[in-house]
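Now for the letters of each chain:
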Amino acid sequence: MSGYSDVIGHEQVILHMKHAIQMDKVSHAYIINGEKGSGKKLLSGIFAQTLQCERKGTEPCMECRSCRQAVNLNQPDIIRVTHEKPNTISVEDVRTQVNGDIMIKPYSSPYKIYIIEEAEKLNVQAQNALLKTIEEPPFYAVILFLTVNAGMLLPTIRSRCVTLDLKPVSSALVKKHLMEKLEIPEYRANICTAFAQGNIGKAKRLALSSDFSEMMEHALHLVKYIQDMEVTDIISDLKRINTYKMEINDYLDLLTVWYRDVLMFKATRDADSLIFSDELISIREKVKKSSYEGLESVIKALDKAKVRLNANVNFDMALELLLLTMKEN
């Protein structure tokens, strides 16, 4: 674990955390909300480590016993709530790990901090069990709910928490981080940055993927030759996308970046603003064959496919609708 200086972006959230510590106004309950890969886990870990640091500053000192324990994930008063069922955090999980433990005073620290990752998976009974705890918490308790969608939590829970929303990080900062810290070449950094849309975790995941080139070739082959391909063949091929250690959502985002390039080039004829700058010839070809409406309908279809897949709609059906739109335009 590192200090706040290692976090890319999220200045407002960091400022809020530091100010709360400085003014001794730390809340008993926080919701840290942001999409997967946005930095919730990192920020909550640094906040918890800072709260327990023996030097009592606004940054973890990284040297005291508590900080060293936190780095090794064995600080006894920073509790990470776990759950066995993949899609549910049950009332039993909450009772055994939070409610049944919270009245025991901290072992060696000023606070007892509970970090609940994927808190949107708390079922209603589990949330109701937590409600009593956050209504009348012991003075030393801090509960951090990490969510990708804070709206999944009950209004009664949300109203008793301080919500910190993680906004997208600027493209310039993401690209700078990829090129300077990870030594990613500029062309690849541009694609990863555009693809990530302000999500630093997503950008790093793609940039560091050993299968990046192979996956890129796959996506570019699809957009270039889709007219000559059978939809059923493409679908069965895309079911194997996880061989690239990528999620289908990530693959669809990559296609979106390419289609946006085509739309942008059709409107401006400006090759310098292209993300896929090495693909100018195929982008020119696509521009000749496509209308503005057609390109916009493909981009909308890509968004819809992601929404459908996230809602667990049948994979084949969601992809078929998308691929037919791509073939038509």
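The structure under discussion appears in the preceding block.
Residues numbered from 1 in each chain as written. Predicted model: local features only at pLDDT ≥ 70, side-chain atom pairs only at ≥ 80, totals over all residues. Heavy atoms only, no water.

Undergrad: Which residues make up the pairing of strand 1 (residues 29–33), and what are the values?
TA: Judged by how many residues are buried, strand 1 sits mostly within the fold: five of five residues are covered. Judged by which residues are buried, strand 1 turns out to be covered on both faces: Ala29, Ile31 and Asn33 on one side and Tyr30 and Ile32 on the other are all buried. Relative to strand 4 (residues 141–147), strand 1 is paired through five bridges, and the arrangement is parallel. Residue pairing for strand 4: Asn33 is matched across the bridge by Thr147. For strand 1 and strand 5 (residues 162–165), the ladder comprises four bridges, and the chain directions are parallel. Bridging from a neighbouring strand, Ile32 pairs with Leu164 of strand 5. (Buried < 20%, exposed > 50% of the residue type's maximum accessible area, 1.4 Å probe, protein only. Helix = DSSP H or I, 4+ residues; strand = E, 2+ residues; numbered from the N terminus. Pairing = 2+ DSSP bridges.)

Undergrad: Please provide a residue-by-residue account of a nonpolar patch on the surface, values included.
TA: A contiguous nonpolar surface patch, about 250 Å² in accessible area, is contributed by Val313, Met317 and Leu321. Inspection of the secondary structure assignment puts Met317 in helix 15 (residues 315–328). Overall, Met317 belongs to the partly exposed group, its relative accessible area being 49%. (Patch = residues over 30% accessible without salt bridge, like charges linked within 9 Å, V, L, I, M, F, W, Y side chains within 5 Å. Areas by Shrake-Rupley, 256 points an atom, 1.4 Å probe, with all protein chains shown as cover. Salt bridge = Lys/Arg side-chain N within 4 Å of Asp/Glu carboxyl O.)

Undergrad: Which residues make up the sheet that holds strand 3 (residues 112–116), and what are the values?
TA: One open sheet holds the five strands; their spatial order is 2-3-4-1-5, and the pairing between them is parallel. Edge strands, defined here as strands with exactly one partner in the open sheet, are strand 2 (78–80) and strand 5. Strand-to-strand, the axes of this sheet are offset by a mean angle of 20°, without reference to chain direction. (Axes fitted to C-alpha atoms, helices over the stretch in contact; angles between N-to-C directions.)

Undergrad: Explain the packing of aromatic side chains to me, and be specific about the residues and the numbers.
TA: As enumerated under the stated definition, the model contains three aromatic pairs in all. Consider the rings of Phe139 and Tyr140, whose centres lie 5.2 Å apart with planes at 80°: the pair is edge-to-face. A relative accessible area of 65% places Phe139 in the exposed class. Ring geometry for Trp258 against Tyr259: centres 5.3 Å apart, planes inclined by 90°, an arrangement best described as edge-to-face. The pair formed by Trp258 and Tyr259 is uniform in burial state, with each residue classed as buried. In this structure, Lys202 is placed above the aromatic ring of Phe195, and the distance from its NZ or CZ to the ring centre is 5.5 Å. (Phe/Tyr/Trp six-rings, centres within 6.5 Å; stacked < 30°, edge-to-face > 60°. Lys NZ or Arg CZ within 6 Å of the ring centre and 35° of its normal.)

Undergrad: Describe the nonpolar core, naming the residues involved and giving the relevant values.
TA: Most often, soluble globular proteins have nonpolar side chains that are buried together. Formed by 54 residues in total, the largest nonpolar core has its most connected members in Tyr251, Leu255, Tyr259 and Met326. When residues in this core are grouped by element, the largest group, eleven residues, is from helix 12 (residues 248–268). (Core = buried A, V, L, I, M, F, W, Y, C linked by side-chain atoms within 4.5 Å.)

Undergrad: Give me the packing of helix 11 (residues 231–238) against helix 15: which residues, what numbers.
TA: Interaxial distance between helix 11 and helix 15 falls to 10 Å at its minimum, and their mutual angle equals 125°. Between helix 11 and helix 15, the crossing angle belongs to the class labelled oblique. Crossing of helix 11 over helix 15 shows right-handed handedness. Residues Val231, Ile234, Ile235 and Leu238 of helix 11 form the contact with helix 15, whose participating residues are Phe315, Asp316, Leu319, Glu320, Leu323, Leu324 and Lys327. (Parallel < 35°, antiparallel > 145°, perpendicular 65-115°, else oblique. Left-handed = near helix turned anticlockwise from the far one by under 90°. Contact = heavy atoms within 4.5 Å.)

Undergrad: Residue-level account of the pattern of salt bridges, with values.
TA: If you walk through the whole model with that rule in mind, you get 13 salt bridges. A salt bridge links Lys18 to Glu59; the shortest N-O distance between them is 3.1 Å. Taken together, the residues span a long stretch of sequence, with Lys18 in helix 1 (residues 11–22) and Glu59 in the loop between helix 2 (40–52) and helix 3 (65–71) at a distance of 41 residues. Given the relative accessible area of 23%, Lys18 is considered partly exposed. What makes Glu59 partly exposed here is its relative accessible area of 29%. With its nearest N and O atoms 2.8 Å apart, the salt bridge here joins Glu186 to Lys175. With a gap of eleven residues between them, Glu186 in helix 8 (residues 186–196) and Lys175 in helix 7 (residues 171–180) connect regions that are remote in the sequence. Residue Lys175 is classed as partly exposed on the basis of its relative accessible area of 21%. Within this structure, Lys202, Asp253 and Lys306 form a network of salt bridges that share partners.

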